[in-house]
Amino acid sequence: MRIAKSVALILLAAMGALPAGAQQYDLLLKGGYVIDPKNKLNAVMDVAMAGGKIARVAADIPAGQAKKTVNVAGHYVTPGLLDIHVHYYAVGASLGIMPDNSALQSGVTTAVDAGTAGYKNFEDFNNTIIKRAKTRILAFLNIVSTGMATAANEQDPDEMDVERCVEMARKYPDIVVGIKTAHYWTTQPFDARHQPWTAVDRARQAGEKIGKPMMVDFAGRPDRPYDRLLLEHMRPGDIHTHVLGRGFDPVVDYDTGKVYDYMFQAQKRGIIFDVGHGAGSFWFRTAVPALRNGFIPDSISTDLHTGSVNGPVIDMITVMSKFLNLGMPLDDVIRRSTVNPAREIGRTELGHLSAGAGADVAVLALRKGTFGFWDCGKGKITGTQKLEAVMTLRDGAIVWDREGLSKEDWRKLPKLY
Ligand SMILES: [Zn+2]
């Protein structure tokens, strides 16, 4: 029946009985306020999709040109969000959560696992989680062989094999976007094998060999000061995540409220700063003075895992709402959750609504009212606005529709019997 109908339409079109290009779009999002920082779009516009790609973004695209139209007036339409710090692999000591019921419900279409797996278990992670998810999952490969699955290995330099790590990263160039180092807390006395910078330096070497960034989860100490990490051990384009934490990595002088000069020096030399909220790394006592002094993280990310998903992180859109209520303008919040993280991981085909790009789209509601938000130090702010993801599209398919925007009024549906 459906085939016969489409054949008839093609015949009618060939005979000139249909206007050229009738229903050339699969889906049209109509009347939303588009924020697409890469393309400098900031206005009410329609977004048309065809074949899983963005086909056209324009002021008024007729509904007749699309097979299906969804009215999104009153909502914001943005590129699908990128969250470049999550944990989706759950074996051993690692704390992964399931991707789709967290990412898609939050407007996130691309999430980057931050080193939950290393070269010994990456393929298991790929087979059991990455391949099966609707969310696009990319990964920083941990410099530690078993990633975060075996806590003791995270302290053992013998498990940080640059060549084996590089070999696995090269085998999966479309998934691995860089190298992660984290949780190297080993303490004095150091010996020939254990040195303060071992983990960072090996991750950087692996990153150099594959031409991709490393993401660093650090903890400054007298024997490895934070400023030396930023100014000597990281390359331009490398990412320091957890930047607004409790002060192990000193960003703000808590006595004067001033941001340390080396933070701005590091930004100038191209070091990338990422939020990586997590269970311990976002404190209003750091974030408020940092933002007030003009130190703005390049990307917003969650560090979602079993220990942060039920608070204080909850999800990407909640973390974005925190920045909104701290005074970051909405288009800036979107920029740091779309085009910026896409550039940081070298995937510039993502994070925008250019014609021809994959149709990854988030439809966001901005609720007004009184909302509480809390941090990793049990600190709280009361805000007046809150973002919510009402619809998410991955490659043109609706994968999340909280309020049934794309559904029919039940009274218009056919009788059941
Ligand atoms: Zn993490």
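Residues numbered from 1 in each chain as written. Predicted model: local features only at pLDDT ≥ 70, side-chain atom pairs only at ≥ 80, totals over all residues. Heavy atoms only, no water.

Peer 1: Explain the packing of helix α6 (residues 226-233) against helix α7 (residues 261-268) to me, please; I cannot follow it from the model alone.
Peer 2: A packed helix pair is summarised by two numbers, namely the angle formed by the two axes and the spacing between the axes. It is the contact of α6 with α7, at a shortest axis distance of 10 Å, that shows an interaxial angle of 20 degrees. In terms of their interaxial angle, α6 and α7 are classed as roughly parallel. As α6 runs across α7, the sense of the crossing is left-handed. Within the contact between the two elements, α6 uses Tyr226, Asp227, Leu230 and Leu231 and α7 uses Tyr262, Met263, Gln265 and Ala266. (Axes fitted to C-alpha atoms, helices over the stretch in contact; angles between N-to-C directions. Helix = DSSP H or I, 4+ residues; strand = E, 2+ residues; numbered from the N terminus. Parallel < 35°, antiparallel > 145°, perpendicular 65-115°, else oblique. Left-handed = near helix turned anticlockwise from the far one by under 90°. Contact = heavy atoms within 4.5 Å.)

Peer 1: How should the coordination of the zinc ion be read in this particular structure?
Peer 2: Ideal geometry at a metal centre gives angles of 109.5 degrees when four donors are arranged tetrahedrally and 90 or 180 degrees when six donors are arranged octahedrally. Donor atoms from the polypeptide that bind the zinc ion are His85 (NE2), His87 (NE2) and Asp303 (OD), placed at 2.1 to 2.4 Å. Exposure remark for His85: the relative accessible area of 0% places this residue in the buried category. (Donors = N, O, S within 2.8 Å, 3.2 Å for Na, K, Ca; no water. Buried < 20%, exposed > 50% of the residue type's maximum accessible area, 1.4 Å probe, protein only.)

Peer 1: How should the pairing of strand β3 (residues 53-58) be read in this particular structure?
Peer 2: A regular strand carries its side chains on alternate faces of the sheet. The pairing of strand β2 (residues 41-50) with β3 spans five bridges and is classified as antiparallel. Bridging from a neighbouring strand, Val47 pairs with Val57 of β3. Linking β2 to β3, which pair antiparallel, is a turn of two residues; within it Gly51 sits at a positive phi near 55 degrees. (Pairing = 2+ DSSP bridges.)

Peer 1: Looking at this model, I keep getting lost on the nonpolar core. Mind explaining?
Peer 2: In globular proteins that are soluble, nonpolar side chains generally tend to be buried together. Formed by 87 residues in total, the largest nonpolar core has its most connected members in Phe122, Tyr226, Leu230, Met263 and Phe323. Broken down by element, this core gets its largest block of residues, six residues, from helix α9 (residues 316-325). The contacts of Tyr226, once residues within four sequence positions are left out, are Phe218, Gly220, His240, Val243, Asp249, Pro250, Val251, Tyr262, Met263 and Phe273. (Core = buried A, V, L, I, M, F, W, Y, C linked by side-chain atoms within 4.5 Å.)

Peer 1: How should the pattern of salt bridges be read in this particular structure?
Peer 2: One pass over the structure, following the stated rule, counts 23 salt bridges. In this structure, Asp158 engages Arg193 in a salt bridge whose closest nitrogen and oxygen atoms are separated by 2.9 Å. Taken together, the residues span a long stretch of sequence, with Asp158 in the loop between β8 (136-142) and α4 (162-171) and Arg193 in the loop between β9 (176-181) and α5 (198-210) at a distance of 35 residues. The class for Asp158 is exposed, based on a relative accessible area of 53%. A relative accessible area of 36% means that Arg193 is categorised as partly exposed. (Salt bridge = Lys/Arg side-chain N within 4 Å of Asp/Glu carboxyl O.)

Peer 1: Teacher, can you tell me more about the side chain of Ser354 here?
Peer 2: Mapping Ser354 onto the fold places it in the loop between α11 (339-344) and β15 (361-374). Among the polar contacts listed, one links the side chain of Ser354 to the side chain of His352, at a separation of 2.8 Å. Among all residues touching Ser354, those that are not within four sequence positions of it are Asp36, Asn39 and Ile54. (Polar contact = N/O pair within 3.5 Å; in protein donor to acceptor, adjacent residues only side chain to side chain.)

Peer 1: What am I meant to see in unusual backbone geometry here?
Peer 2: Most peptide bonds take the trans configuration, and most residues that are not glycine carry a negative phi. Residue Gly311 is joined to Pro312 through a cis peptide bond whose omega torsion reads 5 degrees. Among the secondary structure elements, Pro312 is positioned in the loop between α8 (284-292) and α9. In this structure, His183 is a non-glycine residue whose phi angle is positive, near 60 degrees. Among the secondary structure elements, His183 is positioned in the loop between β9 and α5. Phi is positive for His242, close to 70 degrees, though the residue is something other than glycine. Examined against the element boundaries, His242 turns out to sit in the loop between β11 (239-240) and β12 (252-253). Overall, His242 belongs to the buried group, its relative accessible area being 10%.

Peer 1: What is the right way to read α5 from this model?
Peer 2: One full turn of an α-helix is made of 3.6 residues, so residues set three or four places apart face in the same direction. For α5, built from 13 residues, the straight-helix expectation of 18 Å at 1.5 Å per residue is met to within 8% by its first-to-last C-alpha distance of 19 Å. Buried residues of α5: Thr198, Ala199, Val200, Asp201, Ala203, Arg204, Ala206, Gly207 and Ile210, and no others. Phi turns positive, to about 70 degrees, at Gly211, one or two residues after α5. (Expected span 1.5 Å × (residues − 1).)

Peer 1: Looking at this structure, I do not really get the sheet that holds strand β10 (residues 214-216). What am I missing?
Peer 2: Within a sheet, neighbouring strands are paired by backbone hydrogen bonds and run either parallel or antiparallel to one another. Reading across the sheet, the seven strands line up as β6-β7-β8-β9-β10-β11-β14 and stay open at both edges, with parallel pairing between neighbours. Each edge of the sheet is formed by a strand with only one pairing partner; in this case those strands are β6 (81-86) and β14 (272-273). With four bridges connecting them, β6 and strand β7 (residues 108-118) associate as parallel partners. In the strand pairing of β7, Leu82 is matched with Thr110. Here α4 sits on the sheet and contacts β8 and β9; the angle it forms with β8, its principal contact strand, is near 165 degrees. Its contacts with the sheet place α5 against β9 and β10, and it is angled at close to 165 degrees to β9.

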